[in-house]
Structures are given as C-alpha cells and as structure tokens.
Amino acid sequence: MPKRVSLSGQNLCLSDIKDYYDDSKSALTLYFSLHSVDYNDRFVDYNINEIEQELQARLDELDRLTSFSILSSLEASFRMNYLIRCNQKKKDTLSRKMREVYQVKGSRASLEDDILMLWKEVYPEYKIFISEVITAFKYRHWLAHGRYWEPKLGRIYDYYSLYDLAYSMEHLLTSLN
Amino acid sequence: MAIKQYLKQFEEFLEQEVKQDDSSVIDYEQEKKEWLARIDEFYALIQKFIGDYLKQGKIIQEWKIIQLQEDYFGEYEVQQLMLKIGKKRLIFKPIGRFLIGFNRGRIDLSSDIGTVRFVLLPEELESPQVIDFNNSNAKWCWKIATSPPKVSYLELTEQSFFEALIEVVNA
C-alpha cells in the first residue's frame, strides 16, 4: 500500500493569489509614481518613457510569477482531489480508476499523463478544457525551467486568463466531488 | 502484396498527425480577418459611447499602430486607442485572439489605477465555466469581465462601459 501523503495546508487558494497580485501591482505602481518618497533618488536622470518601460517590465514579471503561482495552485487542487478520491475509497468511476493508478504509483502519479488523462477519459464532455489545462502546464514548465527557449504554445497566457481558467476548474472539481 | 509492417505503422502515424494538426482544418487567415473586424467593431462601439465628449473636446483620442505576435497569426498590426481625459491617460490595447480559456479575444483598458478587460464571449456566458461553445450556434459579443475574485461577464452597454471607465480613472 503506498504511503499516505500528509497535507501541509500551505497551498495557496486563488483568492490568496489574487490579493498578492493586487497588492504587488499597487505597490509597484506607487513606487514608480511621483507619490513615491524615493522617486527623485531612484529615477534621477530617467525620462518619463524610461520610467514607464521599467514599470511595465516589473508588471510583466509580476504577471508571470503570479501565473506560475495560479498553475501551481491548480496542480495542488487536482493532486489533492486525486489523493482524497484514493484515500476515501469513493465508489464513482473516476475514483475507482484513480485507485488503480494509486496502487502502482501512489502520490507520484503524473499530473498530465495519469490524473488529467483519467479526467478526460471519464468525463469526455470536459475533454477540451482538460486539454487547455494540460497546455497551460506546458507554459508553467517553460516558466519553471528558465524560459530559455521560444515556447510554441499557440495561446497567450497571462494572470487574468489563467485566473479565469483556474476559477472554472476549481468549480468543476468542487461540483464533481 | 501485403503492406510492410513498418510502412503500415508509419502511415498510421501520418494519419494521426494529420488529424491532430489543427492548421489543416482551420483557416487562420480567415480567423485573423474576423478578429481584426471584431476589434474594429469594438472601437466603433466605443466611438459611439464617447462621441459627444470627443466633439466637445472633453476627451481627446490618439490612435497608434502596435504589433502583436501570436503563434497562429505571426506578427500583425492592430490599432491601440489612447484617450486623454484631463491629465489621465486611458489605453485600449488588443491583447490577442488566442488566449487560454473560453474566449475569442481580449482588449484591455488600462490606466495608472487599474485594468478592465473586454472579452469576446458567447452572449449567454455570465461567468467562467467549462462549457464548450465552439460548435454551438452561440452569438459571440464583447463583454466586460469583472475583476477577480468573483469574475462575471457583463453585457457591454453604454452604462457598463462608463462604469468601467470610472473604475479605471477614479477607483
């Protein structure tokens, strides 16, 4: 029997990530504005375009880091759902199929190849959305591994669009529990 | 003569790849034309809403051509609209046609204070949901997406537009 995973309770929920994003964005915008107490020292010899460009670069980076956080949170949701289905011995088809995987791979089941594949198999009506999630994890893979290659993902990813995707997926997970 | 096993395998592989290659069934040039037409339609709507203020000189507009880059379209040009209201500057910027999720494109309105998203969505969709509208007869239109945490998609009307405008100039 695979060893049970102790859940840390430290996983971020979407509203935590949203608060972090909003506060960081407000703080950056304030820091790059005339209202900042450091403005004159920090931006000496800058022209207005340079300040705007630097702010935009910081906001773009914040967007990517927050996108990474959203996708990590979504992975945690799928993995916790998998562990709960396996440990609580639920009788539905998805839970039974997950337990078969669990017997072999335990908590080390692959998110994309095992867990999400089972979702697609058992709920073909959501196949297109699970595929979107799998592609989004390719984007996270790109972020996590240093972004040194040109990704060909076919989609534009940003905080807002990933938030909407994660939000609807969380609802789906909850409704099918 | 029976087909060789390795050729049979290769032909199966070819068949599968052709099936999976979206580009063989989607006309991206046509998609791009439709997306650009949707952007024009959006700006026409905005002009209708703010037309009187433009005539009175209370709002000044500036157009700028910007480059977007998307995997299926390559590099292409779109119009960005900047509105000057007193000292405040508001920018409408098309973000792209192929965003992750359930939409067919997005234009953001940003200021120093915040961002409002205009998203091309099925008319009946009121919040992010896992419903596939691609093969339905849904009518696609521009909607306003409210900010997280509780995202709703509102009909784009004169009222919802001006409420969004106030949100980004005077939050």
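For the structure itself, look to the data block above.
Residues numbered from 1 in each chain as written. Chains lettered and ligands numbered in written order. Predicted model: local features only at pLDDT ≥ 70, side-chain atom pairs only at ≥ 80, totals over all residues.

Enquirer: What's the story with the overall build of chain B in this structure? I'm lost.
Expert: A tally of helices and strands in chain B yields three helices and seven strands. Element order for chain B, N to C, with α for helix and β for strand: α-α-β-β-β-β-β-β-β-α. Taken over C-alpha atoms, the radius of gyration comes to 21 Å for chain B, far larger than the 16 Å a tight globule of 171 residues would show. Every one of the 171 residues in chain B was classed for burial, and the buried ones make up 22%. In chain B, 42% of the contacts between residues at least 6 apart in sequence involve partners at least 24 apart. (Helix = DSSP H or I, 4+ residues; strand = E, 2+ residues; numbered from the N terminus. Rg over C-alpha atoms; globule rule 2.2 N^0.38 Å. Buried ≥ 20, exposed ≤ 12 C-beta atoms within 10 Å, placed from the backbone. Contact = placed C-beta atoms within 7 Å.)

Enquirer: So what exactly am I meant to see when it comes to unusual backbone geometry here?
Expert: The bulk of non-glycine residues show a negative phi, and the bulk of peptide bonds are trans. A cis geometry characterises the amide bond from B:Pro148 onward to B:Pro149, with omega recorded as 15 degrees. Within the secondary structure, B:Pro149 is located in the loop between strand E6 (140-145) and strand E7 (153-155).

Enquirer: Can you walk me through the interface of chain A and chain B in this structure?
Expert: A common measure of how large an interface is: the accessible area buried when the components associate. Listed by partner, the interface residues are 25 residues for chain A and 18 residues for chain B. Secondary structure elements with two or more residues in the side of chain A that touches chain B: helix H1 (14-31), helix H6 (127-144) and helix H7 (159-175) of chain A. If one sorts the elements of the side of chain A that touches chain B by residue count, H7(A) sits on top with nine residues. Counted by class, the side of chain A that touches chain B contains 14 nonpolar, six polar and five charged residues. (Nonpolar A, V, L, I, M, F, W, Y, C, P; charged D, E, K, R; others polar.)

Enquirer: I'm lost on the environment of A:Asn81 in this one. Help?
Expert: All names here are of chain A. Mapping Asn 81 onto the fold places it in helix H3 (residues 48-87). On the neighbour-count criterion, Asn 81 (19 C-beta atoms within 10 Å) is partly exposed. Along the sequence, Asn 81 and Leu 111 sit 30 residues apart, while their C-alpha atoms lie 11 Å from each other.

Enquirer: Explain the nonpolar core here, please?
Expert: Soluble, globular proteins show a tendency: their nonpolar side chains are buried together. Residue and element names in this part refer to chain A. In this structure, Ile 70, Ala 136, Leu 162, Tyr 163 and Ala 166 are the most contacted members of the largest nonpolar core, which totals 30 residues. Elements represented by at least two residues in this core include exactly H1, H3, helix H4 (93-105), helix H5 (111-122), H6 and H7. Here this core gets eight residues from one element, more than from any other, and that element is H7. (Core = buried A, V, L, I, M, F, W, Y, C linked by C-beta atoms within 7 Å.)

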